[in-house]
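Architecture at a glance
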Amino acid sequence: MTMNLQAPGMSELKEQLDRLDLSRLPRHVAMIMDGNGRWAKARGLERSVGHYEGVKSVRRATELSSDLGIEFLTLYAFSTENWNRPQREVDILMHLIGMAIQQETPDLVKNNVHLRLIGDIERMPKEAWDRLHACEVATQHCDGLTLTLALSYSGRRELTRAARLIAEEVASGRLRTEDIDEQALASRLFTNGMPDPDLLIRTGGEERVSNYLLWQTAYSELYFTDVLWPDFDKPAYLDALIDYQRRERRFGKTGDQIKATTKS
Ligand code: IPE
Ligand code: IPE
Ligand code: MG
């Protein structure tokens, strides 16, 4: 992955970039984009205005990830549970997702960003689905940042689906029970082939995972911020990356063991 520190706007971030160890960036950052409704409400506006405003934050997060040479950015855009919101809000969100993706497609191609979708995408209304699919096709050849949108996504459903796939393969004789290991399960998740997130950022002040990437975040560093998603700008993202680098990822080992391996 290539880093582009000369990209427009990067000089304004110099003070924070100086505090970042560019050789130790996360490979995969996942985000729960929360707080759009409250952002709008605080301004006496309709919740949907917050969703519109949130698109700008998506663009900023994508741009910075790409400029830093981060390989994977996975954004929680719509959960399975979000289908239970008032129909009007769901309709607006679906329209907005389709519109935004169509609008951004040329820039994604230009910036070599590959779009990937995870979740029960078939549940998306046709208008949004068509535009998402067109973007997937248009960015298929891009080998820079992989931007994954989680849409109609539920971690439990993803795991249940994997269990069903495995059961079918066992029943038909294509898979032996003794060959079911962690890799067998992971490869039947939507995220097959992607490394697990190193860092999970949730904006909006809530400290919960809301059914997001339940399997994949087993060892992710969690970062919660009160910043509402429409206010999540590049400096706020850099704050999260700087905080991430202050952590010691031990994966069950002792701190001394980790220090011994990083020194050598
Ligand atoms: C996140 O913002 C966007 C989606 C879940 C689609 P919310 O709409 O959840 O905003 P709050 O949490 O109500 O402020
Ligand atoms: C999580 O946000 C889902 C997305 C950001 C898409 P919610 O706002 O739906 O989460 P809860 O319901 O507060 O946990
Ligand atoms: Mg919310």
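1. Topic: the side chain of Glu221
Looking at where Glu221 falls in the secondary structure, it is placed in strand 6 (residues 221-224). If we ignore the near neighbours within four places in the chain, the residues touching Glu221 are Asp198, Leu199, Leu200, Tyr244, Arg247 and Arg249.

2. Quick word on helix 4 (residues 87-110)
Counted at 1.5 Å a residue, the expected span for helix 4 with its 24 residues is 34 Å, and the 35 Å between its end C-alpha atoms agrees. Considering bend angle alone, the principal kink of helix 4 is centred on Glu104 and spans about 45 degrees; proline Pro106 follows within four residues of it. Following helix 4 by one or two positions, Asn112 adopts a phi angle in the positive range, close to 65 degrees.

3. Brief notes about the site of ligand 1
Ligand 1 sits among Met33, Asp34, Gly35, Asn36, Gly37, Arg38, Arg47, His51, Ala77, Asn82, Arg85 and Leu93. In the environment of ligand 1, an oxygen atom lies 2.8 Å from a nitrogen or oxygen atom belonging to the side chain of Asp34. Here an oxygen atom of ligand 1 sits 2.9 Å away from a polar atom, N or O, in the main chain of Gly37. When ligand 1 sits alone it has 380 Å² of accessible area, and the protein chains cover 87% of it. Secondary-structure elements contributing two or more residues to the shell around ligand 1 are helix 2 (36-41) and helix 3 (47-68). Broken down by element, the residue count for the shell around ligand 1 peaks at 3 residues, all from helix 2.

4. Observations regarding the site of ligand 2
Inspection of the region around ligand 2 gives Ile32, Met33, Asp34, Tyr76, Ala77, Phe78, Ser79, Asn82, Arg85, Arg202, Arg208 and Ser210 as its neighbouring residues. Between ligand 2 and Asn82, the relevant distance is 2.9 Å, taken from an oxygen atom to a side-chain nitrogen or oxygen of the residue. At 3.3 Å from an oxygen atom of ligand 2 is found a side-chain nitrogen or oxygen belonging to Arg85. In isolation ligand 2 exposes 390 Å². Once the protein is present, 78% of that is buried. For the shell around ligand 2, the element with the most residues is strand 2 (residues 72-79), which contributes 4 residues.

5. Regarding the pairing of strand 2
Strand 2 sits mainly inside the fold: 7 of its 8 residues count as buried. Pairing analysis gives 7 bridges linking strand 2 to strand 4 (residues 146-153), with the strands arranged parallel. When the bridges of strand 4 are listed, Leu75 appears paired with Leu149.

6. Concerning the side chain of Ser79
Take Ser79: it is sitting in strand 2. Those residues in contact with Ser79 that sit more than four places away from it in its chain are Ser152 and Tyr153.

What counts and what doesn't
- Residues numbered from 1 in each chain as written.
- Chains lettered and ligands numbered in written order.
- Predicted model: local features only at pLDDT ≥ 70, side-chain atom pairs only at ≥ 80, totals over all residues.
- Heavy atoms only, no water.
- Helix = DSSP H or I, 4+ residues; strand = E, 2+ residues; numbered from the N terminus.
- Contact = heavy atoms within 4.5 Å.
- Expected span 1.5 Å × (residues − 1).
- Bend = angle between axes of the 7 residues up to and from the residue.
- Near = heavy atom within 4 Å.
- Polar contact = N/O pair within 3.5 Å; in protein donor to acceptor, adjacent residues only side chain to side chain.
- Areas by Shrake-Rupley, 256 points an atom, 1.4 Å probe, with all protein chains shown as cover.
- Buried < 20%, exposed > 50% of the residue type's maximum accessible area, 1.4 Å probe, protein only.
- Pairing = 2+ DSSP bridges.

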